[in-house]
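Structure at a glance
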Amino acid sequence: MPNVTKRTVDAAKPTKKKYFVWDGKLSGFGLQVMPTGRKTFIVQYRTLEGRSRRMTLGKYGELTPDQARGQAVDVLAKVRNGEDPTVNRKIIRNAPTVDDLLDMYLSEHVEVHNKPKSLIEIRRILERCVRKPLGKAKLASVTRQDISKLHRSMRRTPRQANHVLAIISKAFNLAEVWGLRPEHSNPVRLIKRYKENERDRFLSGEELQRLGKTLELAEKEGLPWIIKAKPEHTKHLRNDIEKRRTPVNPMALYCLKLLLYTGARLMEIASLEWKHVDFEEGAIALPSKKGDGRKPHPVSGNVLDILSDIPRLDGSPYVLARINDPTRHITKELVENAWQRVRHHAGIPDVRIHDLRHTVGTFAAQSGSNAFLISHLLRHRNVTITNRYVNHDAHPIRVLSETVGERIEAGLKGRGVRVS
């Protein structure tokens, strides 16, 4: 038999049936010629168990004869050591990919342990940022360099880059738990997070006074329209400017007031039920930590006064029920739309609803309260304000709530609140 060289490969012509050209020196190494003219290098061997295997090395053109011969030598050496390279290749080919891990992470962890809203957000982030660059990669082959490259590609959005890193880290930790990767092999380990630009916006005394006047006007008369059109396009507007105002949904206004006095999160108040309100104890049930079940939380008398003013709609369990459908609570979008109008009229266009929570935390800190009480007042889960939690009695929380409530009330009435 001739040796498999470039000359013999070029000389091999296709026939009606496939055939093989075997190498005269290296037993098992050869060339497969198909009727289509396709030429492929192969190696044939017999395992220790006596099974005959034929393994494809690659196409002629992609591999030279010498390169194919080198691969064949490696394969036959592994066979002599008791391995079966064909089976090993199938194992590698069928090994789980990053996409497989992410699918399992979503179905086995996120859907079970996270809120539906979190599931939607995590799935969106994975589709947008992770699956395209890493999804097809074999799970076992992903390195720290791969993750670092992805993280660096998102450096212009540091907060999102760090969020993606946290999600990937959780998924690879679970891969170790599920036996898909060796222990302590998480490729996210040691990758430094980007410094994030923390937003620290809260209301000053003057801004709080303007907000108080705006809320009062919105409740009694409604707010002026926000005119976005150019002057030449406003000829059909009412000439009487005083008539260019519309009411603001009263439930949305109640929600904004409760957010300002409690420092709670938007949906915690929007979904509040009357069974969560205890007037005798002066408390409302709020999650002790974000995502947890509700527990009684002391509030100021201002909050109880607001709750007392809210009309109860027949057949509705909700404090802030939809007027047209009392069986459901008001939506996040309704409150946000109301806030857009309120903050525009109050001259605080950069203040988000969540900044009302920052204002409560700032007022609490300026009232001389320690970090432990503030962490319980705002019900933080981690080190946002404090590094640890302490046991507490309801009384100091109530005192703190009252102090903050008095300052908020003074600000809304324009009684000279100073915020440094």
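Please refer to the structure placed before this passage.
The paragraphs below set out a description of the structure included in this document. Treat the numbers as computed from the prediction; the structure is a model and nothing was measured.

1. Examining the packing of aromatic side chains
Taken as a whole, this structure holds three aromatic pairs when the rule is applied. With 6.2 Å between their ring centres and 20° between their planes, Phe 29 and Phe 41 make a pair best called stacked. Highlighted residues: Phe 29 in strand β2 (residues 29-33) and Phe 41 in strand β3 (residues 39-46), separated in sequence by twelve residues. Pair check on accessibility: Phe 29 and Phe 41 agree, each one buried. Consider the rings of Phe 41 and Tyr 60, whose centres lie 6.0 Å apart with planes at 90°: the pair is edge-to-face. Taken together, the residues span a long stretch of sequence, with Phe 41 in strand β3 and Tyr 60 in the loop between β4 (52-59) and α2 (65-80) at a distance of 19 residues.

2. Thoughts on the layout of surface pockets
Taken as a whole, the second largest pocket encloses approximately 440 Å³ of empty space. Lining the second largest pocket are 17 residues, with Lys 257, Tyr 261, Glu 409, Leu 412 and Lys 413 positioned closest to its centre. Taken together, the elements giving at least two residues each to the lining of the second largest pocket come down to α8 (205-220), α9 (250-262), α11 (301-309) and α15 (394-412). Taken together, the residues of the lining of the second largest pocket sort by class into five nonpolar, four polar and eight charged.

3. What about helix α7 (residues 158-177)?
With 20 residues, α7 should cover 28 Å at 1.5 Å per step; its first-to-last C-alpha distance of 29 Å lies within 8% of that length. Turning to α7, its buried residues number three or more, namely Ala 161, Asn 162, Val 164, Leu 165, Ile 167, Ile 168, Ser 169, Ala 171, Phe 172, Leu 174, Ala 175 and Glu 176. At its buried positions, α7 is contacted by α4 (98-113), α5 (116-134) and α6 (144-153). Gly 179 lies just past α7 and shows a positive phi near 75°.

4. Thoughts on empty space enclosed by the protein
A water-sized probe, rolled over the atoms, reveals where empty space remains. Overall, the coordinates contain two cavities of 30 Å³ or more when judged by the stated rule. One number sums up the size of the largest cavity: a volume of about 80 Å³. Lining the largest cavity, in full, are Tyr 261, Thr 262, Leu 286, His 297, Pro 298, Val 299, Ser 300, Val 303, Val 360, Leu 377, Ser 401 and Val 404. Breaking the lining of the largest cavity down by element, the ones donating at least two residues are α9, β9 (294-298) and α15. Along the lines of polarity and charge, the residues of the lining of the largest cavity split into eight nonpolar, four polar and no charged.

5. Overview of the environment of Trp 274
Along the chain, Trp 274 turns up in the loop between α10 (266-270) and β7 (277-278). Take Trp 274: its relative accessible area is 12%, and that puts it in the buried class. Once the C-alpha coordinates of Trp 274 and Ile 284 are considered, the two residues, ten residues apart in sequence, prove to be 9.0 Å apart. Sequence-distant contacts of Trp 274, defined by excluding residues within four places in its chain, comprise Phe 279, Leu 307, Ile 310, Arg 312, Ser 316, Pro 317, Tyr 318 and Val 319. There is a polar contact of 3.3 Å between the side chain of Trp 274 and the backbone oxygen of Tyr 318.

6. A few points about the environment of Ile 122
Mapping Ile 122 onto the fold places it in helix α5. Judged by its relative accessible area of 9%, Ile 122 is buried. For Ile 122 and Leu 106, which are 16 residues apart along the polypeptide, the C-alpha to C-alpha distance reads 8.3 Å. What Ile 122 contacts, discounting residues up to four positions off in sequence, is Tyr 105, Leu 106, Val 110 and Ile 167.

7. A few points about the sheet that holds β2
With antiparallel pairing, the four strands of this open sheet are ordered in space as β1-β2-β3-β4. Each edge of the open sheet carries a strand with a single partner, namely β1 (19-22) and β4. Within this sheet the neighbouring strands show an average axis-to-axis angle of 35°, counted without direction. Pairing of β1 with β2 involves four bridges; the strand directions are antiparallel. Note that in β2 the partner of Tyr 19 across the bridge is Val 33.

8. Digging into unusual backbone geometry
Phi is positive for His 184, close to 60°, though the residue is something other than glycine. Looking at the secondary structure, you find His 184 in the loop between α7 and α8. One non-glycine residue, Leu 190, adopts positive backbone phi at about 80°. Along the chain, the position of Leu 190 falls in the loop between α7 and α8.

9. With respect to a positive patch on the surface
On the surface, a cluster of positive charge is made up of Lys 149, Arg 152, Arg 155 and Arg 156. Taking relative accessible area as the criterion, Arg 155 reaches 54% and is therefore assigned exposed.

10. Let's talk about the nonpolar core
Leu 211, Ile 269, Leu 307, Ile 310, Leu 320 and Trp 339 are the most contacted members of the largest nonpolar core, which has 56 residues in total. Residue contributions to this core peak at ten residues, all from α9. Not counting residues within four places of it along the chain, the set of residues in contact with Ile 310 comprises Met 251, Tyr 254, Leu 258, Trp 274, Val 319 and Leu 320. Counting 29 residues, the second largest nonpolar core, distinct from the first, contains Leu 102, Ile 122, Val 130 and Val 188.

What counts and what doesn't
- Residues numbered from 1 in each chain as written.
- Predicted model: local features only at pLDDT ≥ 70, side-chain atom pairs only at ≥ 80, totals over all residues.
- Heavy atoms only, no water.
- Phe/Tyr/Trp six-rings, centres within 6.5 Å; stacked < 30°, edge-to-face > 60°.
- Helix = DSSP H or I, 4+ residues; strand = E, 2+ residues; numbered from the N terminus.
- Buried < 20%, exposed > 50% of the residue type's maximum accessible area, 1.4 Å probe, protein only.
- 1 Å grid on protein atoms, 1.4 Å probe; cavity = no way out; pocket = protein on both sides within 12 Å on 5 of 7 lines; lining within 4 Å.
- Points joined across faces, edges and corners; volume = space filled by probe spheres on them.
- Nonpolar A, V, L, I, M, F, W, Y, C, P; charged D, E, K, R; others polar.
- Expected span 1.5 Å × (residues − 1).
- Contact = heavy atoms within 4.5 Å.
- Polar contact = N/O pair within 3.5 Å; in protein donor to acceptor, adjacent residues only side chain to side chain.
- Pairing = 2+ DSSP bridges.
- Axes fitted to C-alpha atoms, helices over the stretch in contact; angles between N-to-C directions.
- Patch = residues over 30% accessible without salt bridge, like charges linked within 9 Å, V, L, I, M, F, W, Y side chains within 5 Å.
- Areas by Shrake-Rupley, 256 points an atom, 1.4 Å probe, with all protein chains shown as cover.
- Salt bridge = Lys/Arg side-chain N within 4 Å of Asp/Glu carboxyl O.
- Lys, Arg positive; Asp, Glu negative; His and termini not counted.
- Charge placed at Lys NZ, Arg CZ, Asp CG, Glu CD.
- Core = buried A, V, L, I, M, F, W, Y, C linked by side-chain atoms within 4.5 Å.

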